[in-house]
Amino acid sequence: MGASVLGVGMVGYAFMGAAHSHAWRSAARFFDLPLTPELTALCGRNRAAVDAAADRMGWASVETDWRALLRRDDIALVDVCTPGDTHAEIAIAALAAGKHVLCEKPLANSVAEAREMAAAAAHAAERGVRSMVGFSYRRVPALALARRLVARGRIGEVRHVRASYQQDWLVDPEAPLVWRLRREAAGSGALGDIGAHIVDMAQYLTGDRLTGVCALTETFVKERPLPVGAAAGGLAAGGVSAERGAVTVDDAALFLGRFAGGALASFEATRFATGRKNALRIELSGSLGALAFDLESMNELAYYDNTEDPETAGFRRILATEPTHPYVHAWWPPGHLLGYEHTFTHQVADLVSDIAADRDPTPSFADGLNVQLVLDAVARSADGGGAWQPIGSE
Ligand code: SOE
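Predicted model, so just to flag it, every value in this text is computed and none were measured.

S.K.: Is there a simple way to explain the pairing of strand 4 (residues 77-80) in this structure?
M.R.: When a strand is regular, its side chains alternate between the sheet's two faces. Here strand 4 shows a buried face lined by Leu 77 and Asp 79 and a second buried face lined by Val 78 and Val 80. With four bridges joining them, strand 1 (residues 4-11) and strand 4 adopt parallel strand pairing. Counted as the bridge partner of Val 8 is Leu 77 from strand 4. Judged from the four bridges that link them, strand 4 and strand 5 (residues 100-104) form a sheet pairing that is parallel. Bridge pairing in strand 5 places Asp 79 opposite Leu 102. For the segment spanning strand 4, helix 4 (residues 87-96) and strand 5, crossover handedness is right-handed.

S.K.: It is not clear to me how the sheet that holds strand 8 (residues 210-218) should be interpreted in this structure. Could you clarify?
M.R.: Strand pairing in a sheet is mediated by backbone hydrogen bonds. Such pairs are either parallel or antiparallel. If you trace the nine strands from one edge of the open sheet to the other, you get 16-15-14-13-7-12-11-8-17, paired in mixed fashion. The outermost strands of the open sheet, each flanked by one partner alone, are strand 16 (316-319) and strand 17 (389-390). Note that strand 7 (residues 158-166) and strand 13 (residues 279-286) share eight bridges and pair antiparallel. Residue pairing in the sheet places Arg 162 in a bridge with Glu 283 of strand 13. Against the sheet, helix 8 (residues 190-206) makes contact with strand 7, strand 8, strand 11 (252-259), strand 12 (264-270) and strand 13, and its axis sits at roughly 150° relative to strand 12, the strand it touches most. Across the sheet, helix 10 (residues 365-383) touches strand 8, strand 11 and strand 17, and the angle it forms with strand 8 is around 50°.

S.K.: Just to check I follow, could you spell out the site of the ligand for this structure?
M.R.: Surrounding the ligand, one finds twelve residues, the nearest of these being Tyr 137, Gln 167, Asp 193, His 197 and Tyr 340. In the model, an oxygen atom of the ligand is placed 3.0 Å from a nitrogen or oxygen of the Lys 105 side chain. Its free accessible area being 300 Å², the ligand has 96% of it covered by the protein chains. When residues in the shell around the ligand are grouped by element, the largest group, three residues, is from helix 8. Here the shell around the ligand is built from residues that sort into six nonpolar, three polar and three charged. Built from parts of two domains, the shell around the ligand gets at least three residues from each of domain 1 (5-137) and domain 2 (140-360 + 372-383).

S.K.: Mind showing me how you'd approach the nonpolar core here?
M.R.: Grouped burial of nonpolar side chains is what soluble globular proteins tend to show. Trp 24, Trp 59, Phe 255, Ile 282, Phe 293, Leu 301 and Phe 365 are the most contacted members of the largest nonpolar core, which has 118 residues in total. Those residues in contact with Phe 365 that sit more than four places away from it in its chain are Ala 91, Leu 95, Val 101, Cys 103, Leu 107, Met 117, Ala 118, Ala 121, Ser 131, Met 132 and Val 133. In terms of nonpolar packing, the next biggest core, distinct from the first, is built from ten residues, Trp 169, Leu 170, Leu 181 and Phe 272 among them.

S.K.: Looking at this structure, I do not really get helix 2 (residues 47-57). What am I missing?
M.R.: Every α-helical turn comprises 3.6 residues, leaving residues that sit three or four positions apart pointing alike. Inspection of helix 2 places Val 50, Ala 53, Ala 54 and Met 57 among the buried residues, and these make up the whole buried set. Burial along helix 2 is one-sided: seen end-on, the buried residues are contained in an arc of 100°. For helix 2, exposure combined with an orientation more than 90 degrees from the buried face picks out Ala 48, Asp 55 and Arg 56. Taken together, the buried residues of helix 2 touch helix 1 (15-30), strand 2 (35-43) and strand 3 (61-63). A distance of 3.1 Å separates the backbone nitrogen of Ala 48 from a side-chain oxygen at the start of helix 2, and that oxygen is part of Asn 46.

S.K.: How should the packing of helix 5 (residues 111-125) against helix 10 be read in this particular structure?
M.R.: For any two helices packed against each other, the geometry is given by the interaxial angle and the distance between the axes. Contact pair helix 5 / helix 10: the axes reach a minimum separation of 8 Å and the direction vectors enclose 165°. In terms of orientation, helix 5 lies roughly antiparallel with respect to helix 10. Helix-helix and strand crossings are classified by hand; for helix 5 and helix 10 the assignment is left-handed. Between helix 5 and helix 10, the residues in contact are Val 111, Ala 114, Arg 115, Met 117, Ala 118 and Ala 121 and Phe 365, Ala 366, Leu 369, Gln 372, Leu 373 and Asp 376, respectively. When its residues are assigned to classes, the contact of helix 5 with helix 10 shows nine nonpolar, one polar and two charged.

S.K.: Please explain the pattern of salt bridges as it appears in this structure.
M.R.: All told, the structure shown has 24 salt bridges when counted by the stated rule. A salt bridge links Asp 51 to Arg 47, with the nearest nitrogen and oxygen atoms 3.2 Å apart. Pair noted here: Asp 51 and Arg 47 are both in helix 2, with a separation of four residues, about one helical turn. Here Asp 51 falls in the partly exposed class, since its relative accessible area comes to 29%. Put simply, Glu 184 and Arg 182 hold a salt bridge, and the shortest N to O gap is 2.6 Å.

S.K.: Explain the side chain of Asn 299 here, please?
M.R.: Following the sequence through the fold, Asn 299 ends up in the loop between strand 14 (289-294) and strand 15 (300-305). Engagement of the side chain of Asn 299 in a polar contact is seen with the backbone nitrogen of Leu 338, the distance being 2.9 Å. If near-sequence neighbours (up to four positions away) are discounted, Asn 299 is found in contact with Ala 142, Ile 318, Leu 319, Ala 320, Thr 321, Leu 337 and Leu 338.

S.K.: Help me out: how do you make sense of the packing of helix 8 against helix 10 in this one?
M.R.: Interaxial distance between helix 8 and helix 10 falls to 9 Å at its minimum, and their mutual angle equals 120°. The pairing of helix 8 with helix 10 is recorded here as oblique in orientation. In the crossing of helix 8 with helix 10, the sense of the turn from one axis to the other is right-handed. Residues Leu 191, Gly 192, Gly 195, Ala 196, Val 199, Asp 200 and Gln 203 of helix 8 form the contact with helix 10, whose participating residues are Asn 370, Val 371, Val 374, Leu 375, Val 378 and Ala 379. Split by residue class, the contact of helix 8 with helix 10 holds eight nonpolar, four polar and one charged.

Thresholds applied
Residues numbered from 1 in each chain as written. Predicted model: local features only at pLDDT ≥ 70, side-chain atom pairs only at ≥ 80, totals over all residues. Heavy atoms only, no water. Buried < 20%, exposed > 50% of the residue type's maximum accessible area, 1.4 Å probe, protein only. Helix = DSSP H or I, 4+ residues; strand = E, 2+ residues; numbered from the N terminus. Pairing = 2+ DSSP bridges. Right-handed = clockwise from strand over helix to strand, strands pointing away. Contact = heavy atoms within 4.5 Å. Axes fitted to C-alpha atoms, helices over the stretch in contact; angles between N-to-C directions. Near = heavy atom within 4 Å. Polar contact = N/O pair within 3.5 Å; in protein donor to acceptor, adjacent residues only side chain to side chain. Areas by Shrake-Rupley, 256 points an atom, 1.4 Å probe, with all protein chains shown as cover. Nonpolar A, V, L, I, M, F, W, Y, C, P; charged D, E, K, R; others polar. Domains from an automatic or database assignment. Core = buried A, V, L, I, M, F, W, Y, C linked by side-chain atoms within 4.5 Å. Arc of directions from axis to C-beta. Parallel < 35°, antiparallel > 145°, perpendicular 65-115°, else oblique. Left-handed = near helix turned anticlockwise from the far one by under 90°. Salt bridge = Lys/Arg side-chain N within 4 Å of Asp/Glu carboxyl O.

And the structure:
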């Protein structure tokens, strides 16, 4: 390898911590990177648990206070994999300490926090300190290909965006009240967790921005048993106690939107789509064609060419596993599929390359702020009986 080292300190070690650890371990072994990431320190409050996680995921040392990461000269980047209520404090302090930052999505739990983070990131960038928000689905090869096709005009003028993100891990009313179900920790429910992904994806694929939305949200199950032990994590279905607590976030959000360029959009983010496990689905209808994607078939992109002879026209399947497709060259021969974890490795490869090239990574904290502004408009609309809400200014 030989390239100089990029020492990483990661805060949090649950589901996202595991996915990011895999990415930090693998990126330089599959992509030619100008810097070699090193898993220098893993941070978590519970010493025994973070020791075990560091052993399991390959981190060289542990800290129990994230502020210690900022004081270490062997750490150049802080990776924030914690619940949303700690993103702003950690990321802003890390940037001020001259550390690059990768922050999981959504950027923050409020527009106010996201604004502070975006301002801190812009200020840090003047000193060559870089930051990225982890909308990792932009790095699914089929979706990066879709972006390339739209940008090249292959589907013409986009008229419709139809986006949904369907999961069903909360259909059981006895699933525990994990932190994602408490407003003070998560900021919102399905809206901020998976709705953020489809808002970012819709804006990424179209290269356009939403100007306004109207929305409905619902909390179907109003109270749940309190978790015990590991179940206090994100999706863990571990043990539950006899005590119960109130669900203080949305279980589902449905909203309509209008893009600056005139396209109309529909969005659905729900954890109650029985039988749908992780189905991020997005379809773009254009004047010259259409594209459709389903994360549960993540190596495939459906493409309709409206300029083709009607005799033979139809949606066809592009298997996005050719070496010419984004990121695929680093992996396997055509037809040998990629998975969810590869998107995190692609995210790290791009972030490390941008840092080495003194370039601002995307999606930026400003992109993350824009998503937060859309989420906030959705929440205001839902709270206001579904009235149309403009998207606030960045
Ligand atoms: C839970 O909804 C979750 O883990 C999200 O938080 C992730 O961002 C998504 O990639 C998978 O589902």
